[in-house]
Amino acid sequence: MARDSQAALIALNRFGFGARGGAAGDFTNAASDPRGFVLTELARPNGALLEVPGLLSTPELGKQVFDYQFEIQQARNAAKVAQQGASETPAQGSDAKQPQRRNLSLSTAAKEIAGKDPAMQPQLADSANAAMQPPTMQTVAGPPKPPAQPLNIIQKTFRAEALARLQRGVVADCGFVERLVVFWSNHFCISANKGALARMWAGSFEREAIRPHVLGRFSDILKTVEQHPAMLFFLDNQQSLGPESRAGINRNRGLNENLAREIMELHTLGVGGGYTQDDVTALARVITGWTFAGRKGQLGAPGSFVFNSNAHQPGPQQVLGKTYAQAGLAQGEAVLSDIARHPSTAKFIATKFARHFVADDPPPALVAKLQDTFTKTDGDLRALATALVQSNEAWQAPLTKMRSPYEFLLASGRLLARNPEDPGRYLNGLNVLGQPLWSPAGPNGFPDTAAAWAAPEGIKLRLDISAQLGSQLADRFDPRDLLELIAADAASVETRRTIERAESRQQALALLLMSPEFQRR
């Protein structure tokens, strides 16, 4: 079979994370059968699952957080008692021996709390890589800096989850399944910045609610996502009480519509998808009682999804013109099942899927094919991914989209054979480039257009990172050989000339990482 270098570039960049360095032979394999190279990953059983020793389930992680927070609260209470005792100590005579001041122990306690309490740590402290930070100027007479606080359980867990995800992306053959994981994780996003539970659960949410279903049915991923404790916490559904439920009456509290609104606007129907504010309110009533068990485990295992009937709004509800008379948990599951199969959902998902992989303004014919596939297969996401790869439109559209910061750093790691043993370098790079891992600014996730990542400041920061990599690693590689690995005959004359005329290997490697063949997908 004839080699097709341009199709190989599309296979690796549009659908994957780019070619790996060394002897992987990704570009050669893709050039011989571009579509088959991409589709092979879809056929691997359980290929999306991420089962790594040491990564715990959401309830196990929840228990750790609850225990940790309880320990912090006890330390605070002890510090408060110590402070009150110090203020009540009677004054001593001027000639009396001064006792040791208890404020010293309070200071020590405060430092200990600061080391344990995530609220008192910088929000992204666990993703900073001290080795990459420039040295700070030391004042002549300044006091010595206190030693760095050890990572707490939340920070350690986040880094372990991040490392597992990064390592999977770096070693994957094509990376298409991992790209699907990233797409659906961003579609059904939470933010680790919400609080300790969200940060602790960010990785397990993706492992448990996203990965098992990226090649399954949309109705299943929707149900699993909306019932996961991380999503319930992120969108405050544990605070939502049916106004006429037993808990709502006793506490004089009512609905929180956050989750219901985002289910309709961001997860399924989309803006203009045919729903009204009354539908949002009705759905919010339907999913009251969807919560997770707390530290004391009164409703179930701490950190697990539970249905609290005392918080559920009783009675039938009408959503999108249909009345749901089911009682309890089944009522909400029935609504989600119908919304997953709504025509507006099919159109919204097809458009967003094509926009992510192909173009900011995707070909209407491609969107129509994907929408038809979604509808006819009852939301089969493997069939949806297959239809995308098999469509001619996905291979004919030019590579105009810009790699996101995550895709850029993963592609760099793959090409330069840098399978991370520590996530700090990647996490710090993501923070610098404006895409902190699992931490979008809002429930709509990170932007998915070329313009969002092609701003001048963002390009400058990418160039800075590329220059750092060039200065650190250029002695190990010939950039001209790397160009053959990522693009071969598909590399433009301009890119080849630019790399060949570079003043040094360091500069050549940086220019390669900033080339259209590397940055565009």
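The rules we used
- Residues numbered from 1 in each chain as written.
- Predicted model: local features only at pLDDT ≥ 70, side-chain atom pairs only at ≥ 80, totals over all residues.
- Heavy atoms only, no water.
- Helix = DSSP H or I, 4+ residues; strand = E, 2+ residues; numbered from the N terminus.
- Contact = heavy atoms within 4.5 Å.
- Buried < 20%, exposed > 50% of the residue type's maximum accessible area, 1.4 Å probe, protein only.
- Expected span 1.5 Å × (residues − 1).
- 1 Å grid on protein atoms, 1.4 Å probe; cavity = no way out; pocket = protein on both sides within 12 Å on 5 of 7 lines; lining within 4 Å.
- Points joined across faces, edges and corners; volume = space filled by probe spheres on them.
- Salt bridge = Lys/Arg side-chain N within 4 Å of Asp/Glu carboxyl O.

Undergrad: Just checking my understanding: could you explain the overall build of the protein for this structure?
TA: Within the protein, the regular secondary structure consists of 26 helices and 4 strands. The contacts in the protein between residues at least 6 apart in sequence include a share of 75% that link residues at least 24 apart.

Undergrad: For this particular structure, what's the right way to read unusual backbone geometry?
TA: Backbone geometry follows two general trends: most residues other than glycine have a negative phi, and most peptide bonds adopt the trans configuration. A positive phi angle is found at N46, which is not glycine, with a value near 55°. Even without glycine at this site, D378 takes up a positive phi of about 60°. Position of D378 relative to the elements: it lies in the loop between helix 16 (364-376) and helix 17 (381-390). Note on D378: relative accessible area 31%, which makes it partly exposed.

Undergrad: Honestly, the environment of G175 in this entry has me stumped. Any pointers?
TA: Tracing the backbone shows G175 in the loop between helix 6 (153-171) and helix 7 (176-187). C-alpha separation for the pair G175 and G18, spaced 157 residues apart in sequence, amounts to 7.9 Å. Residues contacting G175, with those up to four places away along its chain left out, are F15, G16, F17 and E41.

Undergrad: Just to check I follow, could you spell out helix 7 for this structure?
TA: Residues that lie three or four places apart on an α-helix share one face, since the helix turns once every 3.6 residues. Taking 1.5 Å per residue as the helical rise, helix 7 with its 12 residues ought to reach 16 Å, and the 16 Å between its terminal C-alpha atoms agrees with that figure. The complete set of buried residues in helix 7 reads F176, V177, E178, R179, L180, V181, V182, F183, W184, S185 and H187.

Undergrad: Any chance you could explain empty space enclosed by the protein here in plain terms?
TA: Taking a probe equal in size to a water molecule and rolling it over the atoms shows the remaining empty space. Applying the stated criterion across every chain yields a total of 3 cavities of 30 Å³ or more. Taken as a whole, the largest cavity spans an internal volume of roughly 380 Å³. Along the wall of the largest cavity there are 30 residues; nearest its centre are R165, V182, N186, Q435 and F446. Of all the elements, helix 7 adds the most residues to the lining of the largest cavity, at 5 residues.

Undergrad: Which parts of the structure should I look at to understand the pattern of salt bridges?
TA: Side-chain pairs of opposite charge can arise whenever the charged atoms involved come near each other. Applying the stated criterion across every chain, the model contains 26 salt bridges. Here R207 and E161 are joined by a salt bridge, their closest N and O atoms 2.7 Å apart. On the criterion of sequence distance, the pair formed by R207 in helix 8 (residues 196-210) and E161 in helix 6 is long-range, its members being 46 residues apart. Taking relative accessible area as the criterion, R207 reaches 13% and is therefore assigned buried. Its salt-bridge partner being K460, residue D464 comes within 3.3 Å of it at the nearest N-O pair. Here D464 pairs with K460, and both are found in helix 22 (residues 456-473), just 4 residues apart, close to one helical turn. Each of R20, D26, R44, D173 and R414 takes part in one network of salt bridges that share partners.

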